[in-house]
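Listed below, chain by chain, are the residues.
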Amino acid sequence: MDSFSSVIDAFGVKAVAEILGVKESHVRVMKARGSIPAEYWGLLIEAASNHGVIDLDFALFRRLRAEKFAPAAREVAA
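Each residue is numbered by its place in its chain's sequence as written, counting from 1. Only residues with pLDDT of at least 70 are given local features in this predicted model, and only at 80 or more are side-chain atom pairs given and counted; all residues enter the totals for whole chains, interfaces and linings. Values reported for side chains reflect all heavy atoms of the structure, with hydrogen atoms and water molecules removed beforehand.

(A) Just the packing of helix 1 (residues 4-11) against helix 3 (residues 24-33), in detail. Close contact between helix 1 and helix 3 brings their axes to 7 Å; oriented N to C, the two are set at 140°. Note on packing geometry: the crossing formed by helix 1 with helix 3 is left-handed. Between helix 1, through Ser-5, Ile-8 and Asp-9, and helix 3, the contact on the second element is made entirely by Val-27, Met-30 and Lys-31. Axis geometry follows a simple rule: fit a line to the C-alpha atoms, using only the stretch in contact for helices, then measure angles between N-to-C directions, giving values from 0 to 180 degrees. The secondary structure listing takes helices from DSSP runs of H or I that are at least 4 residues long and strands from runs of E that are at least 2 residues long, numbered from the N terminus. Handedness of a crossing follows from how the near helix is turned relative to the far one, being left-handed for an anticlockwise turn of less than a right angle and right-handed for a clockwise one. For this analysis, residues touch if any pair of their heavy atoms sits within 4.5 Å.

Structure (structure tokens):
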């Protein structure tokens, strides 16, 4: 998985909504923004094996977050 959107795709929007206890429209917004708030990471990691999603852990989420915000950090430093 190379993006937060691909994490959502691995589960499916409906499944993510059920796991997180949010509306599907909220999951679609997260997907469109390319971001999953950190408070949801643990729930998705716990549910991953039951949904056939492999290699999902906190390290992956941290890497995806760092990659997403790295361009903004470089702009601030410049």
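Past the structure itself, the notes keep going.
(B) Local environment of the nonpolar core. Put simply, a nonpolar core is a bunch of buried Ala, Val, Leu, Ile, Met, Phe, Trp, Tyr and Cys residues held in one set by side-chain atoms that sit within 4.5 Å of each other. Relative accessibility under 20% of the residue-type maximum defines a buried residue, over 50% an exposed one, and the middle range a partly exposed one, all with a 1.4 Å probe and only protein chains included. With 22 residues, the main nonpolar core has Phe-11, Ile-36, Leu-44, Leu-56 and Phe-61 as its most contacted residues. Elements with a contribution of two residues or more to this core: helix 1, helix 2 (13-20), helix 3, helix 4 (41-48) and helix 5 (58-77). Of all the elements, helix 2 adds the most residues to this core, at five residues.

(C) Quick peek at unusual backbone geometry. Despite not being glycine, Asp-55 shows a phi value in the positive range, around 60°. In this structure, Asp-55 sits in the loop between helix 4 and helix 5.

(D) How the structure looks around the pattern of salt bridges. Should a side-chain nitrogen of Lys or Arg be within 4 Å of a carboxyl oxygen of Asp or Glu, the pair is scored as a salt bridge. This structure, assessed with the given rule, holds three salt bridges. We note a salt bridge from Asp-9 to Lys-31, for which the minimum N-O separation is 2.5 Å. Separated by 22 residues along the polypeptide, Asp-9 in helix 1 and Lys-31 in helix 3 bring together distant segments of the chain. Residue Asp-9 is classed as partly exposed on the basis of its relative accessible area, which comes to 48%. The partner of Arg-28 in a salt bridge is Glu-24, with the nearest N and O atoms 3.6 Å apart. Taken together, the positions of Arg-28 and Glu-24, both in helix 3 and four residues apart, correspond to about one turn of that helix.

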